[in-house]
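Breakdown of the fold
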Amino acid sequence: TPGLNHLGRMLMDERDRLRPRPPWTRAAVTGHRPEQFTPDEQEWVTTQIRDILQRLHNEHGTTTALTGMARGVDTWFAQAALDTGHTLWAYIPFTTQADTWDTHDRTQWRQLRTQSARTITLGTASHNALYHHRNDLLIRDSDVLIGVHVEFPTSNGTASTMAKATQQGRRII
């Protein structure tokens with residue numbers, strides 16, 4: 001159609017498609033605790049996290065995975081990161097984070113912490129503000145944020161983190 005410049009638009013789209021993308025070297029995660037998922041959903045989520053990390057590595061050069069080290073999505077992500085050859089960074093809100101967890105979860109947390117190439121610990125005792133500060137650092141230090149939730153959250157840590165990332169123009173999967 002005359003005057004609409006279809007060819008010019010097609011050329012611009014092709015140029016954008018061919019332009020090298022900046023790498024997303026660091027991916028962070030936010031998500032629910034395990035009790036929010038059925039056993040089948042837990043299995044599906046862990047498989048998807050592993051696949052997403054592999055695709056991020058292959059398509060965007062992601063080498064580093066950032067986790068808040070909470071039970072559930074955070075620790076599933078951390079284990080998947082190590083299993084797929086990513087460098088793990090642990091953002092721990094306080095030193096006693098895992099002290100009240102069951103033996104299995106506490107042991108896994110300690111192992112993941114030991115395997116982390118970088119560990120940032122914000123405080124010594126539980127305080128709600130430390131969770132928010134940890135999440136802010138995860139957003140700040142990542143190129144892409146992976147949000148894992150059953151229903152779209154509206155009033156929890158996952159919701160808050162995703163809202164802040166959106167406000168800051170971060171990429172979210």
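Here the structure is a predicted model, which is why all the values come from computation and not from measurement.

1. Side note on the overall build of the protein
Each helix and strand counted, the protein has six helices and six strands in total. Each helix and strand of the protein, placed in order from N terminus to C terminus, yields the pattern α-β-α-β-α-β-α-β-α-β-α-β. Once the C-alpha set of the protein is aligned to its principal axes, its extents read approximately 70 × 35 × 30 Å. Counting across all 173 residues of the protein, residues that qualify as buried make up 42%. Across the protein, contacts joining residues at least 24 apart in sequence account for 76% of those joining residues at least 6 apart. About 9800 Å² of surface is accessible on the protein, with carbon and sulfur atoms providing 51% of the total.

2. Looking at the sheet that holds strand β6 (residues 171-172)
Spatially, six strands are ordered β4-β3-β2-β1-β5-β6 in an open sheet, and the strand pairing comes out parallel. Where the open sheet ends on each side, the last strands, each with one partner, are β4 (118-121) and β6. With two bridges connecting them, strand β5 (residues 144-148) and β6 associate as parallel partners. The partner of L145 across the bridge, within β6, is I172.

3. Quick look at the pattern of salt bridges
Considering all chains together, one arrives at five salt bridges under this definition. When the shortest N-O distance is used, the salt bridge between E35 and R71 registers 2.8 Å. Of the two residues, E35 is situated in the loop between β1 (26-31) and α2 (39-60) and R71 in the loop between β2 (64-67) and α3 (73-83); the sequence distance between them amounts to 36 residues. The class of E35 is exposed, set by a relative accessible area of 52%. In this structure, the salt-bridge partner of D83 is R50, at a minimum N-O distance of 3.1 Å. Linking D83 in helix α3 with R50 in helix α2, this pair joins segments that are 33 residues apart in sequence. Owing to a relative accessible area of 33%, R50 belongs among the partly exposed residues under this scheme. Residues joined in a network through salt bridges with shared partners are E35, R71 and D105.

4. Topic: the nonpolar core
If you look at the biggest cluster of nonpolar residues, it comprises 27 residues, and the most contacted ones within it are I49, L53, L56, V73, F77, I146 and V148. Contributing elements (two or more residues each) for this core: β1, α2, α3, β3 (87-92), α4 (103-115) and β5. Sequence-distant contacts of V73, defined by excluding residues within four places in its chain, comprise V29, T30, G31, H32, F37, I49 and V148. Grouped together as the second largest cluster of nonpolar side chains are 11 residues, L66, Y91, L137 and A165 included.

Rules used in this analysis
- Residues numbered from 1 in each chain as written.
- Predicted model: local features only at pLDDT ≥ 70, side-chain atom pairs only at ≥ 80, totals over all residues.
- Heavy atoms only, no water.
- Helix = DSSP H or I, 4+ residues; strand = E, 2+ residues; numbered from the N terminus.
- Buried < 20%, exposed > 50% of the residue type's maximum accessible area, 1.4 Å probe, protein only.
- Contact = heavy atoms within 4.5 Å.
- Areas by Shrake-Rupley, 256 points an atom, 1.4 Å probe, with all protein chains shown as cover.
- Pairing = 2+ DSSP bridges.
- Salt bridge = Lys/Arg side-chain N within 4 Å of Asp/Glu carboxyl O.
- Core = buried A, V, L, I, M, F, W, Y, C linked by side-chain atoms within 4.5 Å.

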